Amino acid sequence: MKRQREVWATRIGVVLAVAGSAVGLGNFLRFPVQAAENGGGAFMIPYFIAFLLLGIPLCWVEWTMGRYGGRFSHGSAPGIFQAMWRAPIAKYIGAIGIFGPLLIFFYYTYIESWTLGYAFYSITGKLTSLRSREELEAFLRSYQGIAEGSSLLPAYIFFIITFSANFCIIYFGVTRGIERVSRIAMPILAILGVLLAIRVLTLGTPNPEHPDWNVNNALGFMWNPDFSKLKDPQVWLAAAGQIFFTLSVGIGVILTYASYLKRNDDVALSALSSASTNGFMEVIIGGSVVIVASAVFFGNQGAVEVAKSGAFNLGFVTIPLIFSKLFAGWFFCLAWFLLLFFAGVTSSISILQPAISFLEDEFGFSRRRSVALLAGFCFLMSQFSIFGLKVGLVDELDFWGGTFLLVLFGFIEVILFGWVFGIDRGWEELNRGSYIKVPPIFKFIIRYITPLYVGAILVTWFYQNFLDTLLLRSPAYANLPHKYIIILRIVLITFFIGLLVLIRIAWQRHKKMEYTLTEDK
Amino acid sequence: MTLLGWLFLIISWGVIIGLCVFCFIHLTNPEKEKLHSPLDIEAEIEEEEDSGHPVHPKQQQ
């Protein structure tokens with residue numbers, strides 16, 4: 001007997017939910033740094049090319065695969081892959097679509113909780129009372145529990161609040177939880193983003209001692225094209241990587257979200273809408289706040305230093321420092337951290353859903369049981385991020401979950417769709433119930449160009465990063481004790497093997513049920 | 001900011017805003033007719049669901 005699955009209540013709801021999943025901290029912190037470092041305005045050429053050849057096709061592939069799997073009551077990658085490819089190994093390959101997102105969740109929620117903590121400290125005035133970079137850096141280290149003699153208690157309290165909020169939303173289900181939150185959070189996110197962008201773009205020349213530190217020159221720093229950078233393959237790779245991360249493709253989230261669509265619901269326009277919403281948040285809001293504000297307050301050279309200091313420093317040190325210099329600085333600090341918090345929440349709830357869907361669809365667990373099991377497991381695993389930040393465990397999880405598996409899974413998906421399931425069937429599925437006519441050239445792109453593009457990224461990363469990271473030879477590991485990383489890897493491998501076993505048990509259970517039903521007949 | 005900088009900013013913003021407007025106008029307009037009738041492939045789906053598994057085109061023949 002097939003279990004009755006939830007469906008999205010509205011078209012806008014599912015678009016906002018997928019866009020919410022895509023819009024994350026990276027839109028506001030990663031994109032502007034990538035653009036400023038890789039040719040300014042010229043970066044937009046490889047960016048838009050990657051958007052067309054990589055981002056949009058992969059979005060369409062995932063939405064179509066997800067809706068197709070949903071027809072067979074499968075909402076996670078193992079079931080969806082099995083529905084598309086009857087080889088027994090398909091479901092085991094799909095394990096990556098549950099494993100990868102959970103790896104991201106183990107550290108993402110902790111970082112998300114910092115934004116809530118910082119929003120709180122913005123209201124209390126603590127943040128704006130810190131007037132220098134050194135003070136803010138010391139505060140961040142203390143908050144993270146890295147500074148000597150500091151306490152992790154405040155960070156832990158905000159983590160528990162954030163963690164609980166995530167699971168509460170998930171507990172209410174797809175329509176009453178995820179869809180409702182996305183419909184509220186996304187407009188708030190857009191309003192906060194536009195508000196901050198307007199404030200930054202109207203800063204003028206705040207420091208009379210440096211008349212050249214002004215908005216016009218800051219925008220120039222961000223947008224003046226440096227065409228010589230286009231000769232550098234790394235710039236093209238950076239643009240492709242940015243598109244990959246920003247659109248939430250290759251995670252498995254879109255597969256799950258799309259599985260809650262009805263069989264004739266549009267996917268082509270919905271995918272394009274969520275991708276364009278994400279683009280709005282990234283290019284227009286993300287490109288107008290952090291780097292522009294940094295160049296206005298510290299000059300172009302200062303902004304280069306800021307960009308090199310990393311995303312955490314940019315978001316949690318530089319921006320509060322800048323806003324604290326403004327009138328009603330606490331309010332803009334609050335708006336900034338709430339922006340990041342809402343972006344974080346809409347993303348983190350989405351990365352939980354594949355695992356929830358797996359437990360509900362494949363084991364027939366109730367929502368309460370699935371949420372309780374997953375919450376307990378995620379809480380335990382998140383301790384690695386909380387207590388292992390100093391020893392590089394967050395970076396380790398980010399490399400495997402947020403980088404490598406993403407690209408690998410995206411590559412598997414596009415091959416499965418274009419070559420195993422068959423491009424003709426896939427194309428028909430994509431256009432089924434579509435509200436726009438997908439240009440036929442995309443049939444060729446999905447079959448040939450996108451796999452080659454993703455394959456090239458995968459091979460390059462494998463060549464550049466994978467072996468050094470795997471063997472702990474990368475410079476990032478130079479000053480870190482390796483034993484903690486090895487322990488984490490053992491735990492993760494055990495978790496992955498456990499997941500494979502669960503998939504096996506689930507399918508044995510399916511077979512048994514099918515057999516029982518046949519006997520009953 | 002140079003003229004080229006402005007040009008890149010305006011084109012980039014224009015593309016993104018244009019795409020957003022296009023998508024949301026079409027999304028919120030329920031009058032649009034679906035381009036692909038679901039009935040075209042209805043028979044295949046029913047066959048697949050009866051068996052519980054997708055049917056490969058070769059098997060259908």
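Parameters at a glance
- Residues numbered from 1 in each chain as written.
- Chains lettered and ligands numbered in written order.
- Predicted model: local features only at pLDDT ≥ 70, side-chain atom pairs only at ≥ 80, totals over all residues.
- Heavy atoms only, no water.
- Helix = DSSP H or I, 4+ residues; strand = E, 2+ residues; numbered from the N terminus.
- Buried < 20%, exposed > 50% of the residue type's maximum accessible area, 1.4 Å probe, protein only.
- Areas by Shrake-Rupley, 256 points an atom, 1.4 Å probe, with all protein chains shown as cover.
- Expected span 1.5 Å × (residues − 1).
- Bend = angle between axes of the 7 residues up to and from the residue.
- Contact = heavy atoms within 4.5 Å.
- Phe/Tyr/Trp six-rings, centres within 6.5 Å; stacked < 30°, edge-to-face > 60°.
- Lys NZ or Arg CZ within 6 Å of the ring centre and 35° of its normal.

Draft legend 1. Structural detail: the overall build of chain B. Secondary structure assignment for chain B yields 3 helices and 0 strands. The helix and strand sequence of chain B, counted from the amino end, reads α-α-α. Out of the 61 residues in chain B, the part that is buried amounts to 30%. A total accessible area of about 4100 Å² is found for chain B, and carbon and sulfur atoms account for 63% of it.

Draft legend 2. Summary view of helix 15 (residues 311–324) of chain A. All names here are of chain A. For helix 15, which comprises 14 residues, the first-to-last C-alpha distance of 19 Å matches the rise-based estimate of 20 Å (1.5 Å per residue) to within 8%. The largest bend along helix 15 measures about 30 degrees and falls at Thr318, with the proline Pro320 one to four residues further on. Asn313, Leu314, Gly315, Phe316, Val317, Thr318, Ile319, Pro320, Leu321, Ile322, Phe323 and Ser324 are the residues of helix 15 that are buried. The inward-facing, buried residues of helix 15 abut helix 2 (25–37), helix 6 (96–124), helix 7 (133–143), helix 9 (173–201), helix 14 (290–308) and helix 16 (329–363).

Draft legend 3. Molecular detail of the packing of aromatic side chains. Residues and elements named next belong to chain A. Inspection of every chain in the model, using the stated rule, returns 55 aromatic pairs over all chains. Look at Trp330 and Phe331: their rings are 6.1 Å apart centre to centre, the planes differ by 85 degrees, and that puts the pair in the edge-to-face class. Seen in terms of ring centroids, Phe444 and Tyr448 are 5.1 Å apart; in terms of plane orientation they differ by 45 degrees. Their pairing is tilted. With Phe444 and Tyr448 both in helix 20 (residues 441–470) and 4 residues apart, this pair spans about one turn of that helix. On the accessibility criterion, Tyr448 (36% relative accessible area) is partly exposed. A cation over an aromatic ring shows up here: Arg133 above the ring of Phe298, its NZ or CZ 5.4 Å from the ring centre.

Draft legend 4. Unusual backbone geometry, seen in detail. Residue and element names in this part refer to chain A. Within the chain, Ser73 stands out as a residue other than glycine whose phi angle is a positive 60 degrees. Summarising the element assignment, Ser73 is placed in the loop between helix 3 (44–70) and helix 4 (77–84). We note that Ser248 has phi near 60 degrees; this positive angle belongs to a residue other than glycine. On the secondary structure map, Ser248 appears in the loop between helix 11 (233–246) and helix 12 (253–259). Judged by relative accessible area, Ser248 falls into the buried class, the value being 3%.

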